[in-house]
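What follows is each chain in one-letter form.
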Amino acid sequence: MTTSRETRDYQAADAAHHIHAFVDQKALNDEGPRVMVRGDRLHLWDNDGRRYLDGMSGLWCTNLGYGRKDLNAAASRQLEQLPYYNMFFHTTHPQVIELSELLFSLLPGHYSHAIYTNSGSEANEVLIRTVRRYWQVLGKPEKKIMIGRWNGYHGSTLAATALGGMKFMHEMGGMIPDIAHIDEPYFFAHEGNLTPAEFGLRAAQQLEAKILELGADKVAGFIAEPFQGAGGMIFPPESYWPEIQRICRQYDVLLCADEVIGGFGRTGEWFAHEYFGFEPDTLSIAKGLTSGYIPMGGLILSKKMADVLVEQGGVFAHGLTYSGHPVAAAVAIANLKALRDEGVVTRVKDDIGPYLQQCLREVFGNHPLVGDIQGTGMVAALQLAEDKATRKRFANENDIAWRCRTIGFEEGVIIRSTLGRMIMAPALIASREEIDELVGKTLKAVDRTAQEYGRL
Ligand code: PXG
């Protein structure tokens, strides 16, 4: 399907009026963005009729793939019946109530309450205020510093940018007081001779050192993605999370997991912290909550925190016009029911996830451009490397990875490049044929890149 308008006509209008995300707008205007017009399962079509296999679930969000009629019907029904109402005037509506019931039936039992937002960035904005409020109510208002990780990503609003560890974003007006960072647990990049287990412990112990440096009486919480997404799909060694949890418990620091990417089945568990086996106090969610069909996010609180805020906290002056929006809630309900009732998450764990991981290891295990393969379930990264044995990375790894991603588009596959890593996170409903297409086209892109850089 194409539209009645010429692509170059769209591009000119876009260039005239639209500032895109994370891009040199002038350069993009010269190049002209692809105009995407249709999606079905894992495939996308642009306005010139070109077909792409979407290896990234949009932006890590279309967990059910494109073209779901049930999600469409849920939105249409709700738009007819009650397109909007709010949570401010001592009111509520069935959709948000039923969404909460469903969500907490899928979450481990020690979580009890949600604050709904429209996005992951907002979930993390709310997180900072909620965590600080929690300590205020407990009579410890000086506990307000949040510790995040370098290269972590928690969104692009002001406080979410500060919580994240992208220095180039901090430098563009993106820092606030009372935020600190520790290193990410990026084993492949470490230059010593530690084993992964030793490295994981060392990386976690940076948190202890930072808490002691700042004073445990000043630190409110530690936030991290269970596996780091936008910062390169970094999986920590197994020793990492148990040690982080020990440190948070020992110093009375809240453990906050950003599940915006990892949540809703990506790893084969409902939430990524379940895969890594730790128990956060809060979960930030978005993306897969609605499979990206409509914006919605939220902050999940443990019962321990909610009890303090609800029973002792009085008024918490916080809320968004669209908190718990009925249309978004209706879509989220349809999405969660499909993920549950069609066995999508279970299949990621038992069938299609292992299939993707096995194919990648077979195809890229000895590839001259690839030094390491990480991932589980429906998320994976190929680490580009000059020398696998010594973990030597290319000096120009960003350029190589970006080139590989561009060739991918030419070959009809969308994969993401970040910091010398090629990332994929396909829709959870992928068939084996769709995975074969993803891996086959990715191989063409990686091979062509290797040829261009003299490695093949
Ligand atoms: N937390 C995490 C872990 C995320 O990945 C956000 C919060 C912010 O969510 P919103 O809905 O405000 O965008 C994200 C967003 C990438 C990429 O290139 C990743 C995200 C957004 C844009 C690009 O990998 N994740």
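Reading guide: rules and limits
- Residues numbered from 1 in each chain as written.
- Predicted model: local features only at pLDDT ≥ 70, side-chain atom pairs only at ≥ 80, totals over all residues.
- Heavy atoms only, no water.
- 1 Å grid on protein atoms, 1.4 Å probe; cavity = no way out; pocket = protein on both sides within 12 Å on 5 of 7 lines; lining within 4 Å.
- Points joined across faces, edges and corners; volume = space filled by probe spheres on them.
- Helix = DSSP H or I, 4+ residues; strand = E, 2+ residues; numbered from the N terminus.
- Nonpolar A, V, L, I, M, F, W, Y, C, P; charged D, E, K, R; others polar.
- Pairing = 2+ DSSP bridges.
- Contact = heavy atoms within 4.5 Å.
- Axes fitted to C-alpha atoms, helices over the stretch in contact; angles between N-to-C directions.
- Near = heavy atom within 4 Å.
- Polar contact = N/O pair within 3.5 Å; in protein donor to acceptor, adjacent residues only side chain to side chain.
- Areas by Shrake-Rupley, 256 points an atom, 1.4 Å probe, with all protein chains shown as cover.
- Domains from an automatic or database assignment.
- Buried < 20%, exposed > 50% of the residue type's maximum accessible area, 1.4 Å probe, protein only.

Caption draft 1: Structural view of the layout of surface pockets. What the second largest pocket holds in volume is close to 710 Å³. M87, A114, I115, F316 and H318 are the residues nearest the centre of the second largest pocket, which is lined by 24 residues in total. Of all elements in the fold, only α5 (94-106), β4 (111-117) and α12 (303-312) reach the threshold of two or more residues within the lining of the second largest pocket. The leading source of residues in the lining of the second largest pocket is β4, at 4 residues. Residues belonging to the lining of the second largest pocket are distributed by class as follows: 13 nonpolar, 10 polar and 1 charged.

Caption draft 2: Region of the structure containing the sheet that holds strand β13 (residues 413-414). Taken together, the 4 strands give an open sheet; going across it, the order is β1-β2-β3-β13, and neighbouring strands pair in mixed fashion. Strands at the two margins of the open sheet, each flanked by one partner only, are β1 (36-40) and β13. Bridge count for strand β2 (residues 43-46) against strand β3 (residues 51-54) is 3 bridges, and the pairing is antiparallel. Paired with L44 across the two strands is Y52, which belongs to β3. Packed onto the sheet, helix α16 (residues 432-452) meets β2, β3 and β13 and runs at close to 105 degrees relative to β3.

Caption draft 3: The side chain of Q78, seen in detail. Checked against the element boundaries, Q78 lands in helix α4 (residues 69-81). With near-sequence residues (within four places) excluded, Q78 lies in contact with P83, Q95, P326, V327 and A330.

Caption draft 4: Quick peek at the environment of P83. Relative to the assigned elements, P83 resides in the loop between α4 and α5. Those residues in contact with P83 that sit more than four places away from it in its chain are Q78, H325, P326 and V327.

Caption draft 5: Fine view of unusual backbone geometry. One non-glycine residue with positive phi stands out, namely F22, at about 45 degrees. Counting through the fold element by element, F22 comes out in the loop between α1 (7-17) and α2 (25-31). We note that L419 has phi near 45 degrees; this positive angle belongs to a residue other than glycine. Inspection of the secondary structure assignment puts L419 in the loop between β14 (416-418) and β15 (421-424).

Caption draft 6: Representation of the site of the ligand within the structure. If you check the shell around the ligand, you find 16 residues, and the closest are W60, G120, S121, D258 and R416. The side chain of S121 places a nitrogen or oxygen atom 2.5 Å from an oxygen atom of the ligand. When the ligand is considered free in solution it has 540 Å² of accessible area, and contact with the protein chains removes 84% of it. Of all the secondary structure elements, the ones that give two or more residues to the shell around the ligand are α3 (57-60) and α6 (120-137). Residues of the shell around the ligand, tallied by class, amount to 6 nonpolar, 6 polar and 4 charged. Of the residues that make up the shell around the ligand, three or more belong to each of domain 1 (34-67 + 343-452) and domain 2 (70-341).

Caption draft 7: Structural context of the pairing of strand β12 (residues 379-384). Counting buried residues in β12 gives 6 out of 6 residues, a clear majority hidden from the surface. Covered by surrounding structure in β12 are V379, A381 and Q383 together with A380, L382 and L384, the residues of both alternating faces. As paired strands, strand β11 (residues 370-376) and β12 are joined by 6 bridges and run antiparallel to one another. Paired with I373 across the two strands is L382, which belongs to β12. Turn length for the β11-β12 hairpin, with the two strands adjacent in sequence and antiparallel, is 2 residues, and the turn residue G377 shows positive phi of about 55 degrees. Bridge analysis of β12 against β15 gives 4 bridges, and the strand direction is antiparallel. Bridge pairing links A380 to M424 in β15.

Read these as spatial facts, not as claims about activity.
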